[in-house]
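Residue-level structure breakdown
Spelled out from the first residue to the last, the chains are:
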Amino acid sequence: MNKIRKIIYDIIVIGAGASGLVTAIVAARRGKKVLILEKNSKIGKKLLATGNGKCNITNQRPTLERFYSHNPKFISQVLEGYSYQSIKQFFKSIGLELIEGKEGKVFPMSLQASSVVELLVCECEQLGVEIICESEVQSIVNRNGCYSIKYSKGRVECEKVVIATGHQSAPQLGGVSDGVGFAKQFGHHEIAGFPTLVQLTSPRKDLKQMAGVKVESRVRLKQGKQVVEKQGDILFTTYGISGLAILDISRFVMEQLIHTPTVTLELDLMPKMSREQLIALMKKNLHKKSQKPLDIWLQGFINKKLIAPILEPLKLDKATVGSISSNIKDIEKIVQGIKTFKFIVDGSRGYKGAEVATGGVNTKEVDAKTMESKKQKGLYFTGEVLDVDGDRGGFNLHFAWVCGLRAGESL
């Protein structure tokens, strides 16, 4: 005769991040007794760091092309019926007002990520959700429909388990691959991934010379017959290149680096002027008899730290204004160097520098309507542990909130 186990909790959520907290709140509102086990000493460490501390909480236009997965159908099924208004309504229910910014970005009205975390935690406390920090889960075992979880402070049992551990990005903020490991124990498969929304490294020898320069740029990456293009600020560094435009294009760069040791980006260092406009402007400033060094003359147009890297490949670094005034082709070459500045990339700053990790639990093995495992009854997955990632601008958090709403409602 099987021994009857006493069920202490209806649901245990592993991970007190975005999707885990929402899952717990929604389930507790429906009368469930919920425990959250958090590995870190502090709740919501990644949330507190988002949006430079302002928390870009979601986006007004969470369209499907802003998300990525090896199983795109899963994304559309998860997001179906959960618009920006659904997220706004949830946060209003916990007392958090939102404001809308540029590019559809949405922030808490306080412009403080701490407001988001504290209101979520307060709602948990009022609903009787128990949260235990510094609780690393060591094993999850299912026997006769009951889950037994061993963690650093003891052992606990429940009917259902939610894996909301996040993924490998930003390990200094608590990023871990534990969730994928637990999934594998129950027969799930992992989709291999890489860091994204991440700074890129370069083997260039002149990085120190350019380091510290920040400019508005258009960044292009050729992908076969297609071109990926992103615009925004870029920052040259001693290790390579960073900035918002680089974070935005990093996913596509990292995909190519799986198959090739280096990738070449084309940087338009003056995107607000066309090639023809820049040529005309430079021609107006040429003086035939001037002995002014070309590198000094170009400081009237572009940051001086970028001039040598532009001129040296053209063998014009020793030229004077007078020496090129009669040769329009030299001006065209300089403009070409500014508008299509070649920058070789050979890697990234890794998961430590990444805002997001691609890959995760194979979504073909998860029910998109309920977030429940198709392989193990009573086991659920939410948020970044799944093979879904999104663009910068609130999309990754939007997916996490929706996962939490779906899981909480189905639980």
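For the structure itself, look to the data block above.
Residues numbered from 1 in each chain as written. Predicted model: local features only at pLDDT ≥ 70, side-chain atom pairs only at ≥ 80, totals over all residues. Heavy atoms only, no water.

This part covers the packing of helix H3 (residues 72-79) against helix H15 (residues 395-410). Remark: H3 packs on H15, axes separated minimally by 10 Å, with the N-to-C direction vectors making an angle of 65°. Taken as a pair, H3 and H15 cross one another with a handedness that is left-handed. Contacts from Phe74, Gln77, Val78 and Leu79 of H3 reach H15 at His398, Phe399, Val402, Cys403 and Arg406. (Axes fitted to C-alpha atoms, helices over the stretch in contact; angles between N-to-C directions. Helix = DSSP H or I, 4+ residues; strand = E, 2+ residues; numbered from the N terminus. Left-handed = near helix turned anticlockwise from the far one by under 90°. Contact = heavy atoms within 4.5 Å.)

The sheet built from seven strands is open, its strands ordered E18-E17-E14-E15-E16-E13-E19 with antiparallel pairing. Among the strands making up the open sheet, the edge pair consists of strand E18 (341-345) and strand E19 (347-348). Where strand E17 (residues 263-268) lies against E18, five bridges are found, and the strand directions are antiparallel. Bridge pairing in E18 places Leu267 opposite Phe341. (Pairing = 2+ DSSP bridges.)

With that settled, the discussion passes to the nonpolar core. Counting residues in each nonpolar core, the largest one holds 80 residues, and the members touching the most others are Phe91, Leu120, Ile140, Ile149, Leu386 and Trp401. Dropping the residues within four chain positions of it, Leu386 is found in contact with Phe74, Gly359, Gly360, Val361, Thr363, Val366, Met371, Phe381, Phe399 and Cys403. By size, the runner-up hydrophobic cluster in this structure holds 51 residues, among which are Ile234, Leu298, Phe301 and Phe341. (Core = buried A, V, L, I, M, F, W, Y, C linked by side-chain atoms within 4.5 Å. Buried < 20%, exposed > 50% of the residue type's maximum accessible area, 1.4 Å probe, protein only.)

Let's shift gears to the sheet that holds strand E5 (residues 98-100). Spatial ordering of the open sheet is given by E3-E6-E5, a layout of three strands whose pairing is antiparallel. A strand with exactly one partner marks an edge of an open sheet, and here the two such strands are strand E3 (58-59) and E5. Bridging between E5 and strand E6 (residues 105-108) involves three bridges; their strand directions are antiparallel. Looking across to E6, one finds that Leu98 is bridged to Pro108.

Turning our eyes to something else, we now look at the environment of Ile249. With respect to the secondary-structure elements, Ile249 resides in helix H8 (residues 244-257). Sequence separation between Ile249 and Leu120 is 129 residues, and the spatial gap between their C-alpha atoms is 32 Å. If near-sequence neighbours (up to four positions away) are discounted, Ile249 is found in contact with Val219, Arg220, Leu221, Val228 and Lys230.

If you check the backbone angles, Glu134 has positive phi at about 50° while not being a glycine. Mapped onto the secondary structure, Glu134 falls in the loop between strand E7 (130-132) and strand E8 (137-143). When its relative accessible area of 48% is taken as the criterion, Glu134 is described as partly exposed. With a phi close to 60°, Lys315 is a non-glycine residue in the positive phi region. Relative to the helices and strands, Lys315 resides in the loop between helix H11 (307-311) and helix H12 (321-324).

Before going further, it helps to examine the state of the cysteines. Formally, a disulfide is one covalent bond, and it connects the sulfur atom of one cysteine to the sulfur atom of another. Taken as a whole and assessed by the stated rule, the structure comprises zero disulfides. The thiol of Cys133 is unpaired, and the distance to the nearest cysteine sulfur, on Cys124, comes to 11 Å. (Disulfide = S-S within 2.5 Å.)

Another point: the pairing of strand E2 (residues 34-37). Neither face of E2 is exposed, since Val34 and Ile36 on one face and Leu35 and Leu37 on the opposite face are all buried. Of the strand pairs in this sheet, strand E1 (residues 9-14) and E2 are connected by four bridges, and their pairing is parallel. Along E2, the bridge assignment pairs Val13 with Ile36. You can see the chain leave E1, run along helix H1 (residues 18-29) and come back into E2, and the turn it takes is right-handed. Across three bridges, E2 lies against E7 in parallel orientation. Looking across to E7, one finds that Ile36 is bridged to Ile131. (Right-handed = clockwise from strand over helix to strand, strands pointing away.)

Below, the discussion takes up helix H9 (residues 275-284). Within H9 the residues assigned to the buried category are Leu278, Ile279 and Met282. Buried positions in H9, seen along its axis, are confined to an arc of 100° and lie on one side of it. Structural note: H9 exposes Glu276 and Lys284 on the side pointing more than 90 degrees away from its buried face. On its buried side, H9 packs onto helix H10 (294-297) and helix H13 (328-339). (Arc of directions from axis to C-beta.)

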